[in-house]
Each structure stands twice: as structure tokens, then as C-alpha cells.
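# Examining the three-dimensional arrangement
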Amino acid sequence: MKRISLVKTAHDLIKNILHPGDITIDATVGNGHDTLFLAEQVAPSGHVFGFDIQQAAIDATLEKLRQTHISECLTLIQASHAIMDAKIPADLHGNIRAIMFNLGYLPGGDKSVITQTDSTLKALNIAAKILAVEGVITLLAYPGHPDGDLETDQVKNWCEQLNNKQFEVHTIYSTEHKDTAPRLFVVNRIS
Ligand code: SAH
């Protein structure tokens, strides 16, 4: 079976939605891959707010973006995504076109620092509130490692309790539908 990159799938979906000038959030900056992608879509007049609790992730991403002309589209915030509404100007709430999550640990970094179910769910509740109509939340989850199972289950439950008049949810699997396969949750705000 062909292996699909869920990171690429998320980018392809978001590309269809974003325009220059849009406001976006990378809720888990990590190595900055999604951050850079978002900045490229919304430059020069749009913005990306990137959150990570680790200095190492913020530093690596700043370095990556320094070499581009799009760093002025970016605000990196070393704080938990569980408080992202407090860190983003109130007049932008309701205008966020895309919010990306990539759960788990920082590749090549400290594997003991992983996203935690509690803060992930808090962040998702905030994300659903500040998302624009016709905006999208993408969330890449990794069951099959300790704690990732529980977190993925809780995210799935969270998706299921959303008001289906307001949100449409799709789940995309990287390989055959296995319990341990990484999966991408795509939450579209439809009204
Ligand atoms: N698993 C992915 C990468 C995930 S990176 C892959 O394999 O490519 C996840 C990032 O989330 C890490 O850099 C980590 O520091 C960050 N993170 C963990 N908890 C967080 C929180 N509460 N708020 C914001 N970022 C958090």
C-alpha cells in the first residue's frame, strides 16, 4: 500500500483555503515545518502565530525563517497553546483561517516533552472558538506510542462532540485503517 504523508495531505488541504493576508496559527511549532509553510501561504500581509513550550523549537524555527523574506509575517510565542487566546489580539478572534497541530514530541529533541491530552483539549476548545467561518483546524495525532493512544482517543471524542451544524470532521489515515496508524483530523468550520 502506498504510504501517504499526512503532513503533505494537511498542507494540500490548507493550501486550498488560505490566501495572502490570512491569519493563521501553528499550535505546535516543533521544527518549524508547518510554521514556514503557513507563512509562505499568507505572506506578505498575513500572519502566523506560532506556539511552542520549548525554547529549542522556537530557536530552530527563528533560525529557519531568518533566511527568508517572510519572517515579518511571524510571531513566535513560547507558551502553551492552552492559552493561545490570551496571546492573540482579541480583534483577530473569529478571523483565524487555519490552525495546525502536530502532536507528540519534537523530532531530534527532548522526547520526554510531549503534548499532553489536557492541554491539547483546552487548545482545541479555544481553536474552535477563534476559528473563522470556512476556516480549518488540522491535527496530526500519533497513537502507537505511550500516551499517544489516549490523546488520540480523546481528540477523536472531542471531534465527535462538535456541533455538526457548525463543524464538519474528516479523519485521514496514513496507512490502512489500523489503530496504531498516525491519523489526521480535519475540522472545517462550515457556519
Ligand atoms: N510528532 C511530530 C512533531 C511534533 S512537534 C513529528 O514527528 O514530526 C510537537 C511540538 O509540540 C514539540 O516541539 C513540543 O515542544 C510542542 N508542545 C508540547 N506541548 C505543547 C503545548 N502545551 N503548547 C505548545 N506546544 C507544545
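Refer to the structure printed above.
One structure accompanies this document, and this report is about it. (Residues numbered from 1 in each chain as written. Predicted model: local features only at pLDDT ≥ 70, side-chain atom pairs only at ≥ 80, totals over all residues. Heavy atoms only, no water.)

### Digging into the pattern of salt bridges
Formally: Only one rule defines a salt bridge in this text: a Lys or Arg side-chain nitrogen within 4 Å of an Asp or Glu carboxyl oxygen. Helix numbers and strand numbers start at the N terminus; a helix is a DSSP run of H or I with at least 4 residues, a strand a run of E with at least 2. Residue burial is assigned from relative accessible area. The probe radius is 1.4 Å, only protein chains are included, and a residue is buried under 20% of its type maximum, exposed over 50%, and partly exposed in between.
Summed over all chains, the structure comprises four salt bridges. With a closest N to O distance of 2.9 Å, Lys-8 and Asp-12 form a salt bridge. One end of the pair is Lys-8 and the other is Asp-12, both in helix α1 (residues 6–15) and four residues apart, which spans about a single turn. Asp-12 gets classed as partly exposed once you look at its relative accessible area, which sits at 34%. Two residues, Lys-156 and Glu-160, come together in a salt bridge whose shortest N-O distance is 3.7 Å. Here the residue Lys-156 and the residue Glu-160 both occupy positions in helix α6 (residues 148–160), the gap between them amounting to four residues, near one helical turn.

### Here we look at the site of the ligand
Operational definition: Here a residue is considered near a molecule or strand provided that any single heavy atom belonging to it is located within 4 Å of it. Distance and chemistry together define a polar contact, namely a pair of N or O atoms within 3.5 Å, with one atom able to donate a hydrogen and the other to accept it when in protein, and with adjacent residues in sequence counting only for side-chain atoms on both sides. Throughout this entry, Asp, Glu, Lys and Arg are counted as charged residues, while Ala, Val, Leu, Ile, Met, Phe, Trp, Tyr, Cys and Pro are counted as nonpolar. The remaining residues, Gly among them, count as polar.
Taken together, 19 residues surround the ligand, and among them Asp-52, Gln-54, Ser-80, His-81 and Leu-103 come closest. One nitrogen or oxygen atom from the main chain of Tyr-105 is found 3.5 Å from a nitrogen atom belonging to the ligand. Class assignment for the residues of the shell around the ligand results in nine nonpolar, nine polar and one charged.

### Some thoughts on the sheet that holds strand β2 (residues 47–51)
For clarity, the threshold we go by: Pairing between strands requires that DSSP locate at least two bridges from one strand to the other. To define axes, lines are fitted to C-alpha atoms, for helices over the stretch in contact only, and angles between the resulting N-to-C directions are given on a 0 to 180 degree scale. By the convention used here, residues are in contact when the closest approach between their heavy atoms is within 4.5 Å.
Strand order in the open sheet formed by seven strands is β3-β2-β1-β4-β5-β7-β6, and the pairing between neighbours is mixed. Since the sheet does not close on itself, it has two edges, and those belong to β3 (74–77) and β6 (167–173), each with one partner. The sheet shows a mean angle of 15° between the axes of neighbouring strands, taken without regard to direction. Sheet analysis places β2 next to β3, joined by four bridges and oriented parallel. Of the residues in β3, the one forming a bridge with Phe-51 is Ile-77. Strands β1 (23–26), β4 (96–102), β5 (131–141) and β6 of the sheet are contacted by helix α5 (residues 117–130), whose axis makes an angle of about 155° with β5. Helix-sheet contacts for α6 involve β5, β6 and β7 (183–189), and the interaxial angle to β7 is about 25°.

### Regarding helix α3 (residues 55–66)
The condition is simple: One fewer than the residue count of a helix, multiplied by 1.5 Å, yields its expected span. Comment: arc refers to directions from the helix axis out to C-beta atoms.
With 12 residues, α3 should cover 16 Å at 1.5 Å per step; its first-to-last C-alpha distance of 16 Å lies within 8% of that length. Among the residues of α3, those classed as buried are Ala-57, Ile-58, Thr-61 and Leu-65. Burial along α3 is one-sided: seen end-on, the buried residues are contained in an arc of 95°. Tucked into the core, α3 has its buried residues touching α2 (33–42) and β3.

### Topic: the packing of α2 against α3
Threshold: Crossings are classed by handedness, with left-handed meaning an anticlockwise turn of the near helix from the far one by less than a right angle and right-handed meaning a clockwise turn.
It is the contact of α2 with α3, at a shortest axis distance of 10 Å, that shows an interaxial angle of 40°. By crossing handedness, the relation of α2 to α3 is classed as right-handed. Here His-33, Thr-35, Leu-36 and Ala-39 of α2 come into contact with α3, specifically with Thr-61, Lys-64 and Leu-65. Residue classes in the contact of α2 with α3 are distributed as three nonpolar, three polar and one charged.

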